[in-house]
Structures are given as C-alpha cells and as structure tokens.
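A closer look at the structure
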Amino acid sequence: MGDHALPGRPPVPLTLRRSARARRISLRISQLDGRVTLTYPHGLPEVDALNFARTKEEWIRKHLQDRPEPATVQFGQIIPVEGVDRRIVRAQGRRIQLQDDEVAVPQGAEARRLARFLKELARDRLTGACDDYAAMLGRPYSSLTIRDTRSRWGSCSSAGGLMFSWRLILAPSEILHYVAAHEVAHLAEMNHSAAFWAQVERIFGDYKTQRRWLRDNGAQLHQYRFDAPVS
C-alpha cells in the first residue's frame, strides 16, 4: 500500500493497494472521510494504476465535491433520528430524551454519550425488525452486532451472524427495516440472485424505493461526528 496524489488545485491524495484477489482496477471513495483508494492486480505496474486514476480525475473531484461536509454534533444542531429532524437541546434531567422535534442531552454530557444512546436505539429497532423477518423467513439468526461501518450497511455471515451500521437509526424507519430484511434474506440465499431478491420482496415487500434512497442519501448519514463534546 502506498500514498500518492493527483496533481492540481487542490491535490487529491490517493491510497494505492495492490491485491492478489483483484482482477481489474477499482476506485473507491470512503463515505466517512473521503479517502480515495485505488486497488489494482498484482501483475499490473503501479504507473498503469496511476494513469487510470488520472483518466478518472473529473469523476473523483466531482464525488469529493458532492460529499457532505462533516458536522460535529453540538447543541443547537439538527440531526435526523429515525428520519425525523430533531434539534439537540440541553436536557433538564440526567437522561437523554427523544422528543417529537428535539433530542435532549444533559448539559456537560459528551457527544459520545449521545452516540451510545443512538446505538442502543438502533440495536432495539434492528433486533425487533430482524426477529420479525426471521420468523417470516422461517430461519433464525445466531447473533446481531452493531458497528460503525464505512463501506456497508449490513452483512450476514455463513454462521447466521447479522451485522449492521448503527447509523441506520438516522435514516427513516422503512430504510432500517429494508436493510434488516435484506440481511435476514441472506440466511436463505447467500448471494444476490433472483431467488434472493424474491425472498426480500416476500418478507419486506417492494424494496426498490428504499434501496434507491440508500444509494442517493446514504453518504449523508456518515457526515455526523460524535468524537467531540456537546458544548
């Protein structure tokens, strides 16, 4: 792995990764931090990979420009919870409270505490959804894990373990439910074949609107930063 840059104003940092599993050159822009990673096969010269990146410079710069600006969580800011915009305000008591158009956080509490609250809320909502969909599918899952993933909203292991991004709690409820149904459907079909999508539709219904919402709006869920105190 090496660090390079596309020249210009401003220069665009590139991380090059040679992979034995890669069959072609691929570019990925992290939704979380905007990092541009160029992956290429072992037998390909590095210069060819860099030349490929240069041919995609316009595409790279457009995607970086369109990426939502990071937003550090603080009092007065509006943040979506279950797709509803809520202003972060100071709570009167010692507990975080979710209200119709506000989320009240105790004064002096760190943003990390709000993140913990949202993670537990995500776990609760995802567990309920996965329990329902697994019962409809007739296949149990073995575990459910919540993480802050960069590249995927969920996954299902061959052992039946489900993993989800807790940031799904920021999206509308039907988006969270779609991702839950998607991963539960993998308990029956560990692929993305027509049979798999038929299972998703059977337990969730028409999923095309929710799938398109994630593609068009998912990056916005990564813009909120919880690594500084609410002040």
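Residue positions are given per chain, counted from 1 along the sequence in the order it is written. Two thresholds apply to this predicted model, a pLDDT of at least 70 for residue-level local features and 80 or more for giving and counting side-chain atom pairs, whereas whole-chain, interface and lining totals are computed over all residues. The side-chain quantities take in all heavy atoms of the structure and omit both hydrogens and water.

The protein is annotated in an unreviewed UniProt entry as YgjP-like metallopeptidase domain-containing protein from Ruegeria meonggei.

Some remarks on the pairing of strand 3 (residues 26-29)
Applied cut-off: Working definition: with a 1.4 Å probe on protein chains only, accessible area under 20% of the residue-type maximum means buried, over 50% means exposed, and in between means partly exposed. Secondary structure elements are taken from DSSP: a helix is a run of H or I of four residues or more, a strand is a run of E of two residues or more, and numbering for both begins at the N terminus. When DSSP finds at least two bridges between two strands, those strands are taken to pair.
Where burial is concerned, the two faces of strand 3 differ: the one with L27 and I29 is buried and the one with S26 and R28 is not. Bridge analysis of strand 3 against strand 4 (residues 36-41) gives four bridges, and the strand direction is antiparallel. Within the sheet, the bridge partner assigned to L27 lies in strand 4 and is L38.

What to know about the packing of aromatic side chains
Applied cut-off: Each aromatic pair joins two rings of Phe, Tyr and Trp (for Trp, the six-membered one) with centres within 6.5 Å, and gets the label stacked for planes under 30 degrees apart, edge-to-face for over 60, and tilted for any other angle. Put simply, a charge is over a ring when the Lys NZ or the Arg CZ is close to the ring centre, within 6 Å, and near the line of the ring normal, within 35 degrees.
Taken as a whole, this structure holds six aromatic pairs when the rule is applied. For the ring pair Y178 and F204, a centre distance of 5.9 Å and an interplane angle of 65° mean the geometry is edge-to-face. With Y178 in helix 4 (residues 173-185) and F204 in helix 5 (residues 194-204), this pair connects stretches of sequence that are 26 residues apart. Note on Y178: relative accessible area 4%, which makes it buried. Centre to centre, the rings of Y178 and Y207 are 6.3 Å apart; their planes meet at 15°, and the pair counts as stacked. Remark: Y207 occurs in the loop between helix 5 and helix 6 (208-217) and Y178 occurs in helix 4; sequence separation between them is 29 residues. Just as Y178 is buried, Y207 falls in that class too. Taken together, the aromatic side chains of Y133, Y178, F196, W197, F204 and Y207 make up a single cluster linked through ring pairs. The ring of Y207 carries K208 above its face, with NZ or CZ at 5.2 Å from the centroid.

Describing the sheet that holds strand 12 (residues 161-165)
By way of backbone hydrogen bonds, the strands of a sheet pair with one another, either parallel or antiparallel. The test is simple: Geometry is summarised by axes, namely lines fitted to C-alpha atoms with helices restricted to the contacting stretch, and by angles between N-to-C directions that run from 0 to 180 degrees. Here, two residues are considered to be in contact whenever any of their heavy atoms come within 4.5 Å of each other.
Taking strand neighbours across the sheet as the criterion, the three strands line up as 10-12-11 in an open arrangement whose pairing is mixed. Only two strands of the sheet have a single partner each, and these edge strands are strand 10 (143-147) and strand 11 (154-156). Ignoring strand direction, the axes of neighbouring strands in this sheet form an average angle of 15°. Alignment of strand 11 against strand 12, held across three bridges, turns out to be antiparallel. Pairing of G154 across the sheet is with F164, part of strand 12. Sheet contacts for helix 3 (residues 111-137): strand 10 and strand 12; angle to strand 10, the most-contacted strand, approximately 145°. Lying on the sheet, helix 4 is in contact with strand 11 and strand 12; it crosses strand 12 at an angle near 155°.

Some thoughts on the sheet that holds strand 6 (residues 78-81)
The strand order 6-7-9-8 describes an open sheet built from four strands, whose pairing is mixed. Whereas interior strands pair on both sides, the edge strands pair on one side only; in this sheet they are strand 6 and strand 8 (97-98). Sheet topology note: the strand 8/strand 9 (residues 102-106) ladder contains two bridges and is antiparallel. Counted as the bridge partner of L98 is V103 from strand 9. Contacts from helix 3 reach strand 6, strand 7 (84-91), strand 8 and strand 9, with the element oriented near 130° to strand 9.

Re the packing of helix 3 against helix 4
Keep this limit in mind: Angle categories are assigned with fixed cut-offs, so that under 35 degrees is roughly parallel, over 145 is roughly antiparallel, 65 to 115 is roughly perpendicular, and the rest are oblique. The handedness criterion is simple: a crossing whose near helix is rotated anticlockwise from the far helix by less than a right angle is left-handed, and one whose near helix is rotated clockwise is right-handed. Each residue gets one label: Ala, Val, Leu, Ile, Met, Phe, Trp, Tyr, Cys and Pro are nonpolar, Asp, Glu, Lys and Arg are charged, and the others, such as Gly, are polar.
Their axes nearest at 9 Å, the elements helix 3 and helix 4 cross at an angle of 45°. Taken together, the axes of helix 3 and helix 4 lie oblique to each other. Taken as a pair, helix 3 and helix 4 cross one another with a handedness that is right-handed. Residues R125, L126, A129, C130, Y133, A134 and L137 of helix 3 form the contact with helix 4, whose participating residues are L176, H177, A180, A181, V184 and A185. Class assignment for the residues of the contact of helix 3 with helix 4 results in 11 nonpolar, one polar and one charged.

Thoughts on the pattern of salt bridges
One side chain can pair with another of opposite charge once the charged atoms of both are near each other. What counts is decided by this rule: We define a salt bridge as a contact between a side-chain nitrogen of Lys or Arg and a carboxyl oxygen of Asp or Glu at a distance within 4 Å.
One pass over the full model with this rule turns up seven salt bridges. For R125, the salt bridge goes to E82, with nearest N and O atoms at 2.8 Å. Separated by 43 residues along the polypeptide, R125 in helix 3 and E82 in the loop between strand 6 and strand 7 bring together distant segments of the chain. Measuring nitrogen to oxygen at the nearest pair gives 2.8 Å for the salt bridge that ties D148 to R167. Placement of D148 in the loop between strand 10 and strand 11 and of R167 in the loop between strand 12 and helix 4 is noted, with a sequence separation of 19 residues between them. Classification of D148 by relative accessible area gives partly exposed; the value is 36%.

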